[in-house]
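Next come the chains, spelled out residue by residue.
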Protein chains: 2
Amino acid sequence: MIDSVGPVVPTSGTLRPVPLTAARLTGGFWGRRQAVNSTDTLAHCFAWMRREGWAGNFTASPTERRGREFADSEIYKLTEALCWDSVRNDHTAEIAELAGLARSAQAPDGYLSTAYGRPGQPPRYHDLNFGHELYCAGHLLQAAAAAARTGASPELVDVARRAADHICTEFADGGNPGVCGHPEIEPGLVELYRVTGEERYLDQARRFVERRGHRSLPEHEFGWAYFQDDVPVRKAEVFRGHAVRALYLAMGAVDVAVETGDGELLSAVQRQFDRTLSRRTYLTGGMGSRHLDESFGDDFVLPADRSYVETCAGVATVMLAHRLLLATGETRYGDIVERVLFNVIATAVADDGRSFFYANTLHQRTPTVIVPTDRPQLRFGGGPRAPWFEVSCCLPNVGRLLASLETYLVTENDAGAQVHQYADLDVTAGGLGLEMRTYYPDEGSVTITVTDPGPAGSSSPARELTLRVPAWAAGATLTENGSTRPVHPGQVRVARRFTPGETLRLDLPVRPRWTFPDPRIDAVRGCVAVEAGPLVMCAESVDLETPSADLDSLAVDTSVAPEDGAVKGWFIPSADRPWPYGSEFESGPRSPRVVPLIPYHRWARRGPTTMRVWLPTTPP
Amino acid sequence: MIDSVGPVVPTSGTLRPVPLTAARLTGGFWGRRQAVNSTDTLAHCFAWMRREGWAGNFTASPTERRGREFADSEIYKLTEALCWDSVRNDHTAEIAELAGLARSAQAPDGYLSTAYGRPGQPPRYHDLNFGHELYCAGHLLQAAAAAARTGASPELVDVARRAADHICTEFADGGNPGVCGHPEIEPGLVELYRVTGEERYLDQARRFVERRGHRSLPEHEFGWAYFQDDVPVRKAEVFRGHAVRALYLAMGAVDVAVETGDGELLSAVQRQFDRTLSRRTYLTGGMGSRHLDESFGDDFVLPADRSYVETCAGVATVMLAHRLLLATGETRYGDIVERVLFNVIATAVADDGRSFFYANTLHQRTPTVIVPTDRPQLRFGGGPRAPWFEVSCCLPNVGRLLASLETYLVTENDAGAQVHQYADLDVTAGGLGLEMRTYYPDEGSVTITVTDPGPAGSSSPARELTLRVPAWAAGATLTENGSTRPVHPGQVRVARRFTPGETLRLDLPVRPRWTFPDPRIDAVRGCVAVEAGPLVMCAESVDLETPSADLDSLAVDTSVAPEDGAVKGWFIPSADRPWPYGSEFESGPRSPRVVPLIPYHRWARRGPTTMRVWLPTTPP
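All chains use their own residue numbering, which begins from 1 and follows the written sequence. The naming scheme follows written order: chains are lettered A onward, ligands numbered 1 onward. It should be noted that, the model being predicted, local features are given only for residues of pLDDT at least 70 and side-chain atom pairs only at 80 or more, the latter also being counted only at that level, while totals for whole chains, interfaces and linings use all residues. As a convention, hydrogens and water are excluded, and side-chain values are obtained from all of the structure's heavy atoms.

Per an unreviewed UniProt entry, chain A goes by the name Glycoside hydrolase family 127 protein and belongs to Virgisporangium aurantiacum.

This is the structure we're talking about:
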């Protein structure tokens, strides 16, 4: 097997992931966040999982089990995160404990769930819609892949193999013909196949992918689309239904496609992702607009207020786009990874790593509130950052992403290295040693020092260093050997022999710019947003002199270029009328106003506030 | 007791309801709908309630009960509707059967629920949040008030008294201190007080109203506002939480205020209703924008696509506004009654009275679908008109409204009659016999013939005939005695001795007009609607030559007055882009286009279609 230290190690594809052991975030925007993740978030998660009984479920009596039906999966997400982080920090004891918990609850035939199948519990697989057994198993398998690749826990790999063997037997052709209401087993099986070489797991993943879309799950209020059981994966045109479910399924389909050489299946997912980006994605890269069923809305239904944008959907978008990037090498996948990282992932988690948004609205109408920290929030589908929610998938999910973040930044192939994301990173990739330093995204300059140009000598091959130029970065330049030249959105490739210690500098124009929406997005018609480099900006009421409600009485002047940290506009008060519809609306006297802006990911960090990303341009 | 035949007969107030026995719809817009309700809808409801087991629950064994926890209430709503309709049609057998069902399930101490308290069922009142026992009882009491006033079923009155006595004992001060998660017992108790004179019922209603708002219900994901248990009724500023719950509670609060002379409580509800109309109501008069919890959104969050607008909330808005109209005589309450009747109630029900919308969106993005008619729809919170839903409160609720519709059209006081709504109606009110004829709302002319001017002779007092002039009706005229004069929005009062057979004619300008939204309603910024008289208009894709998606590529020209049945505009095609946000959007070549319009209440009656009420004005 070809394998490496990191999530997603396909046996084929255009690009290869760089092992976590060959890359190190040294600081900067992401280095700080990864450090907080290591030192605080993972421990915070473990503490809450103990406190809420989710860890204890593995050893508790069957009738004393606590939490929702998918609570086991949080344990596995945390385990996966700890395994990835073990390349930097010692988590031997925690990982051993967690692997031991998993083993202790595993049935003799390999079945593993704390919620079903034991005396006093509902039977196994009696509720495929919402039982989440295979979903949990999928996360177990991904955790085991992390354990295998990092060497952190042979025990967990063994538990996962036995669980996967059970699933392959139970859900074989001629056996249980079902699929799980929540996809995740599919990428889990492929990842376990990748680390074990067991073809049976890949076969079963393919089987689950193909089975879905035939309405085999019971009818439900949310419709079959909720579970992606409405249309087969190969035939669907767009992502639909529950956003995390849709994205996890797509991840599994890409994994199956790549491992089986199934170009049709890969194209199907690409087509769906393209259309989803074109019609069903927020400016932040966030996906899923509906609170009711945490799902994608119809095309162009992207309300800013009450936008759902579950943090987990952001994690899944990064994971899916990364898979497509590895498979195809197309830089546009790097663009969406960047957008989601800076505007969903960085937004979701508090600076101390100990509270988080479950949903990420683009417009907060009523001031955010401070939540009690002594109990989990019941209202998980929205609201302020909270230490824990009744459903707390998002924080451990971000945990495993940040713990393996280097994977998403740089790739390699036989020709050289590809830098997709800009960060303070030391990395060895494609035969090159690189030291990248930047204040990105606050500043647009990125220097890359070639610390190791590869084998020396006149017969050594030229190396390629490929840099992604973001789609928004018109006017970017590359400086090498003292000369500066324009580079265009897409990518720039430097192919030559490098000199030890030489430096290249990419300058990306991160000055603020106006961004207008597709006219078919009704929710933000007549509005404009400001972006600065990869950052979506927003206005917060805490920065206004006048009361918070005034955010709804501001209009901006797009004839003046936005400046760093502010745009020009007007304050136009609106008085209530008995009936808010009529033949005309007189507005009050407009007064000029400077509207301060901050990066969206910084919002809700300075006390109660309202917030808008989309700013009206047309005065009433 | 002062009593009358009809729902809501307060013992004090500015205006008095006209008995159903003194009014008759003879045809026209509402006469046809009431007739279909009588002949088809009520039977259709009863058939589905039998089929789904909701009727059978009253005699089934406790463990065989079917349907949701509030299914009993549908039986009571149907019973109430049949009682009101019994003033026109014979429903003796059905009412006797339904009253017998209720009696058969009543416990010796008066408790009545098919879902709780019997062997094999959960205990009584163990889940006040969602048990709905008092909610169901409230509907029983309202049905009993209908039975009492129409004389349709003394048996049902007896059952209701015993149920109410049980509740007064159980929830007395010093007893169970709770309130029900779903208000409705409050107006039910007051109505039963009105027909029985039993003060205890009024006291208990007042107690329930005062108890709410102190967070006595268990914490829930949706928050205490969902149950209106966040803020006491007297202190709240606006309706919030679950829309039907909020409106039913307000109905009960008005009833208590009127019967106890509590001006502060009445003012509190008026204040909340005013602010709700000003900030949280759709153009159609519909209330409740959120699917997740069927609730009011924040101020000005009124998305057109996926607007929820539960039909039951429309019914409740009419019932609440009617109560406030009776209490205060203010014509603005007649305005909202009219708006909701023509744009929510008339929209919800199919022409044959046998299918209905549960939710009433103002923007349908994907073509409506035909639903199977052989089983209830699981997805009750939206979608196309369906014969029945898993939760089917709306159709029997509309049934009881239409069966008592005359109540909402004309009132009386010692001085004369007040006509609030225009319809083909024969009525005796305020000492006057009136025959109203009109093609309203398709045409704006209403003739009222005085068939009985009251006592003759020079000593007989003058009579007042008061006509509501809708708020939108600038330019209205009144013609009497051959002369025509302008009348202004609000009301016009004619106070004199009338001549037998004389005719007055009110002419309301129903030509189409542009209607613009409050600039703070983000969802419809840059859009305009067309209204014609009381009717909200809409565009349907079935009326376009081009494919349905084109509704999203139309913009209208507000510099040209809207015409009957159409507005002028442009077709401006938008091509998909890989990313739907950018520095500018080029639109395709615009071509002039006539956009046909129909009344919103007629939409989705001609096969699969998309639809919009709000039409973009600003070409991309």
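Peer 1: How should I be thinking about the overall build of chain A in this particular structure?
Peer 2: The helix and strand tally for chain A stands at twelve helices and 23 strands. A radius of gyration in this sense is built from C-alpha atoms; the matching globule rule multiplies 2.2 Å by the number of residues raised to 0.38. Against the globule reference of 25 Å for 620 residues, chain A gives a C-alpha radius of gyration of 25 Å, in line with a compact fold. Accessibility here uses a 1.4 Å probe with only protein chains present; expressed as a share of the type maximum, an area under 20% marks a residue as buried, one over 50% as exposed, and anything in between as partly exposed. Scored against the burial criterion, the 620 residues of chain A give a buried share of 67%. Residues count as neighbours in contact if any of their non-hydrogen atoms are within 4.5 Å of one another. Partitioning the contacts of chain A with sequence separation of at least 6, the portion at a separation of at least 24 is 67%. Using the Shrake-Rupley algorithm and a 1.4 Å probe, accessible areas are obtained, with residue cover drawn only from the displayed protein chains. If you sum the accessible surface of chain A, you get close to 20,000 Å²; carbon and sulfur atoms cover 52% of it. Charged-residue counts in this description rest on Lys and Arg as positive and Asp and Glu as negative, His and the chain ends being excluded. Note that the charge is assigned to NZ on lysines, CZ on arginines, CG on aspartates and CD on glutamates. Taking the average place of the 63 positive charges on the side chains of chain A and the average place of its 77 negative ones, the gap between the two points comes to 1 Å. Per the convention used, a helix needs a DSSP run of H or I reaching at least four residues, while a strand needs a run of E reaching at least two, with both numbered from the N terminus.

Peer 1: Is there a simple way to think about the relation of the copies chain A and chain B in this case?
Peer 2: A rotation about some axis, followed by a shift along it, carries one copy of the chain onto the other. Least-squares fitting of chain A to chain B yields an RMSD of 0.0 Å, with the transformation described by 0.0 Å of translation along the axis and a rotation of 180°. Taken together, the turn and the small shift mark the pair as related by a two-fold rotation axis. A share of 100% of interface residues in chain A that are also interface residues in chain B marks the association as one of identical surfaces. The superposition of copies rests on a least-squares fit of C-alpha positions from residues with pLDDT of 70 or more in both.

Peer 1: How should helix H5 (residues 154-170) of chain B be read in this particular structure?
Peer 2: Think of an α-helix as 3.6 residues a turn; residues three or four steps apart then line up on the same face. Residues and elements named next belong to chain B. Its 17 residues give H5 an end-to-end C-alpha distance of 24 Å, which sits within 8% of 24 Å, the value for a rise of 1.5 Å per residue. Of the positions making up H5, those classed as buried are Leu156, Val157, Val159, Ala160, Ala163, Ala164, His166, Ile167 and Cys168. On its buried face, H5 is in contact with helix H2 (71-85), helix H3 (92-105), helix H4 (133-150), helix H6 (185-196) and helix H7 (199-211). Take the number of residues in a helix, subtract one, and multiply by 1.5 Å to get its expected span.

Peer 1: Looking at this structure, how should I read the packing of H2(B) against H3(B)?
Peer 2: In helix packing, the relevant descriptors are the interaxial angle and the interaxial distance, both defined with respect to the helix axes. All names here are of chain B. Lines fitted to C-alpha atoms define the axes here, with helix axes fitted over just the stretch in contact, and angles between the N-to-C directions of these axes take values from 0 to 180 degrees. Orientation of H2 relative to H3, taken along the N-to-C sense of each, is 145°, at an axis distance of 10 Å. Crossing of H2 over H3 shows left-handed handedness. Contact with H2, carried on its side by Ile75, Tyr76, Leu78, Thr79, Leu82 and Cys83, involves Glu94, Ile95, Leu98 and Ala102 of H3 and no other residues of that element. Gly counts as polar in this scheme, as do all residues outside two lists: the nonpolar Ala, Val, Leu, Ile, Met, Phe, Trp, Tyr, Cys and Pro, and the charged Asp, Glu, Lys and Arg. Along the lines of polarity and charge, the residues of the contact of H2 with H3 split into eight nonpolar, one polar and one charged. Handedness of a crossing is defined here by the sense of rotation of the near helix relative to the far one, left-handed for an anticlockwise turn of less than a right angle and right-handed for a clockwise turn.

Peer 1: Just to check I follow, could you spell out the packing of helix H1 (residues 28-51) of chain B against helix H11 (residues 332-348) of chain B for this structure?
Peer 2: Residue and element names in this part refer to chain B. Packing of H1 against H11 leaves a shortest axis separation of 13 Å and a crossing angle of 30°. Put simply, H1 runs roughly parallel to H11. Like other packed secondary-structure pairs, H1 and H11 cross with a definite hand, here left-handed. In this structure, H1 contributes Phe29, Trp30 and Arg33 to the contact, and H11 contributes Leu341, Phe342 and Ala346. Among the residues forming the contact of H1 with H11, the class breakdown is five nonpolar, no polar and one charged. An angle below 35 degrees is read as roughly parallel, one above 145 as roughly antiparallel, one from 65 to 115 as roughly perpendicular, and any other as oblique.

Peer 1: Mind showing me how you'd approach the nonpolar core here?
Peer 2: Nonpolar side chains tend toward joint burial in soluble globular proteins. In this structure, A:Trp30, A:Phe273, A:Leu320, A:Leu465, A:Val613 and A:Trp614 are the most contacted members of the largest nonpolar core, which totals 211 residues. Considering every element that reaches this core, the biggest residue donor is helix H8 (residues 243-260) of chain A, with 13 residues. The residues contacting A:Phe273, other than those within four sequence positions of it, are A:Phe239, A:Met287, A:Thr317, A:Leu320, A:Ala321, A:Leu324, A:Tyr333 and A:Ile336. Among buried residues, the Ala, Val, Leu, Ile, Met, Phe, Trp, Tyr and Cys ones that are joined through side-chain atoms within 4.5 Å form a nonpolar core. Counting residues in each nonpolar core, the second largest holds 208 residues, with B:Tyr111, B:Val258, B:Met287 and B:Leu302 among its members.

Peer 1: How should I be thinking about the side chain of A:Asn343 in this particular structure?
Peer 2: Residues and elements named next belong to chain A. Relative to the elements of secondary structure, Asn343 occurs in helix H11 (residues 332-348). A 3.5 Å cut-off defines polar contacts: any pair of N or O atoms within that distance qualifies, except that in protein one atom must be a possible hydrogen donor and the other a possible acceptor, and neighbouring residues in sequence count only when both atoms are side-chain atoms. At a separation of 2.9 Å, a polar atom in the side chain of Asn343 contacts the main-chain amide nitrogen of Val536. Other than its neighbours up to four places away in sequence, Asn343 contacts Thr284, Pro534, Leu535, Val536 and Tyr600.

Peer 1: What is the right way to look at the environment of A:Val301 in this model?
Peer 2: Checked against the element boundaries, A:Val301 lands in the loop between helix H9 (263-279) and helix H10 (311-328). As a C-alpha pair, A:Val301 and A:Val536 span 235 residues in sequence and 19 Å in three-dimensional space. The contact partners of A:Val301, leaving out residues within four places of it in the chain, are A:Ser289, B:Asp305 and B:Arg365.

Peer 1: Explain the side chain of A:Gln106 here, please?
Peer 2: Examined against the element boundaries, A:Gln106 turns out to sit in the loop between helix H3 (92-105) and helix H4 (133-150). Beyond its immediate sequence surroundings of up to four residues, A:Gln106 is in contact with A:Tyr111, A:Leu112, A:Val159, A:Arg162 and A:Ala163.

Peer 1: What exactly am I supposed to notice about the sheet that holds strand E13 (residues 503-507) of chain B here?
Peer 2: The pairing of strands in a sheet comes from backbone hydrogen bonds and takes either a parallel or an antiparallel form. All names here are of chain B. Overall, antiparallel pairing links the seven strands, which are arranged E2-E6-E7-E8-E13-E10-E11 in an open sheet. One side of each edge strand has no neighbouring strand; the edge strands of this open sheet are strand E2 (23-27) and strand E11 (483-486). Within the sheet, the average angular offset between the axes of one strand and its neighbour, ignoring direction, is 20°. As paired strands, strand E10 (residues 477-480) and E11 are joined by four bridges and run antiparallel to one another. At least two bridges found by DSSP between two strands is the condition for calling them paired.

Peer 1: Would you mind showing me how to read empty space enclosed by the protein here?
Peer 2: Over the atoms rolls a probe the size of a water molecule, and its path tells where empty space is left. A cavity here means a set of 1 Å grid points, computed over protein atoms only, where a 1.4 Å probe fits but cannot escape. A pocket is an open set with protein on both sides within 12 Å along at least 5 of 7 lines, and lining residues have an atom within 4 Å of a point. Grid points are joined across faces, edges and corners, and a volume is the space filled by probe spheres set on the points. Evaluated as defined, the whole model comprises 15 cavities of 30 Å³ or more. As a volume, the largest cavity reaches approximately 310 Å³. Of the residues in the lining of the largest cavity, the class split is six nonpolar, six polar and eight charged. What the second largest cavity holds in volume is close to 180 Å³. If you go around the second largest cavity, you meet 24 residues; those closest to its centre are A:Asp522, A:Ala523, B:Asp522, B:Ala523 and B:Val524. Taken together, the residues of the lining of the second largest cavity break down into 15 nonpolar, two polar and seven charged.

Peer 1: Looking at this model, I keep getting lost on the domain arrangement of chain A. Mind explaining?
Peer 2: Buried accessible area, meaning the area lost when the parts come together, often serves as the stated size of an interface. Residue and element names in this part refer to chain A. Residue ranges for the domains trace back to a domain assignment, done automatically or taken from a database. Here chain A is described as being made up of domain 1 (16-408), domain 2 (411-507) and domain 3 (516-616). Distance from the C-alpha centre of domain 1 to the C-alpha centre of domain 2: 32 Å. Listed as interface residues are 24 residues of domain 1 and, on the opposing side, 22 residues of domain 2. Summed over both partners, the accessible surface that disappears when two parts come together, traced with a 1.4 Å probe, is what is meant by buried area. Taken together, both faces of the contact between domain 1 and domain 2 bury some 1,900 Å²; the carbon and sulfur share is 52%.

Peer 1: Explanation requested: the pattern of salt bridges in the structure shown.
Peer 2: Note on pairing: side chains with opposite charge can pair once their charged atoms come close. By salt bridge we mean one thing: a side-chain nitrogen of Lys or Arg within 4 Å of a carboxyl oxygen of Asp or Glu. According to the stated counting rule, one finds 122 salt bridges over all chains in the structure shown. Residues A:Glu531 and A:Arg339 are paired through a salt bridge, measuring 2.8 Å at the closest nitrogen-oxygen approach. Of this pair, A:Glu531 sits in strand E15 (residues 527-532) while A:Arg339 sits in helix H11; the two residues are 192 residues apart in sequence, bridging distant segments of the chain. Accessibility assignment for this pair places A:Glu531 and A:Arg339 in one class, buried. Each of A:Arg275, A:Arg279, A:Arg280, A:Asp299, A:Asp518, A:Arg520 and B:Asp576 takes part in one network of salt bridges that share partners.

Peer 1: How do you make sense of the sheet that holds strand E18 (residues 566-571) of chain B when you look at a structure like this?
Peer 2: All names here are of chain B. Strand order in the open sheet made by the three strands is E17-E18-E20, with antiparallel pairing throughout. Both edges of this open sheet fall to strand E17 (554-556) and strand E20 (591-596), since each of them pairs with a single strand only. Across this sheet, the average inter-strand angle for adjacent strands is 45°, counted without regard to direction. Looking at chain direction, E17 and E18 are connected through three bridges and run antiparallel. Among the inter-strand pairings, Leu554 is bridged to a residue of E18, identified as Phe571.

Peer 1: Would you explain the packing of aromatic side chains in this entry?
Peer 2: Two measures describe an aromatic ring pair: the distance that separates the ring centres and the angle between the ring planes. Two rings belonging to Phe, Tyr or Trp (six-membered ring only in the last case) form a pair when the distance between their centres is within 6.5 Å. Interplanar angles under 30 degrees mark stacking, angles over 60 mark edge-to-face geometry, and anything in between is tilted. Counted by the stated rule, this structure contains 50 aromatic pairs over all chains. Pairing A:Trp48 with A:Trp388 gives two aromatic rings, centres 6.1 Å apart and planes at 10°, and the pair type is stacked. Here A:Trp48, found in helix H1 (residues 28-51), pairs with A:Trp388, found in the loop between strand E3 (363-364) and helix H12 (394-403); they are 340 residues apart in sequence, far enough to count as distant. The class for A:Trp48 is buried, based on a relative accessible area of 6%. Pairing A:Phe273 with A:Tyr333 gives two aromatic rings, centres 6.0 Å apart and planes at 5°, and the pair type is stacked. Residue A:Phe273 is located in helix H9, and its partner A:Tyr333 is located in helix H11; the two are separated by 60 residues in the primary sequence. Each member of the pair, A:Phe273 as well as A:Tyr333, carries the same accessibility label: buried. Through a chain of ring-to-ring contacts, three or more aromatic side chains come together here, namely A:Trp48, A:Trp54, A:Tyr308, A:Phe356, A:Tyr358, A:Trp388 and A:Phe389. Both a distance and an angle decide whether a charge sits over a ring: NZ of Lys or CZ of Arg must be within 6 Å of the ring centre and within 35 degrees of the ring normal. Sitting over the face of the ring of B:Phe46, B:Arg50 holds its NZ or CZ atom 3.9 Å from the ring centroid.

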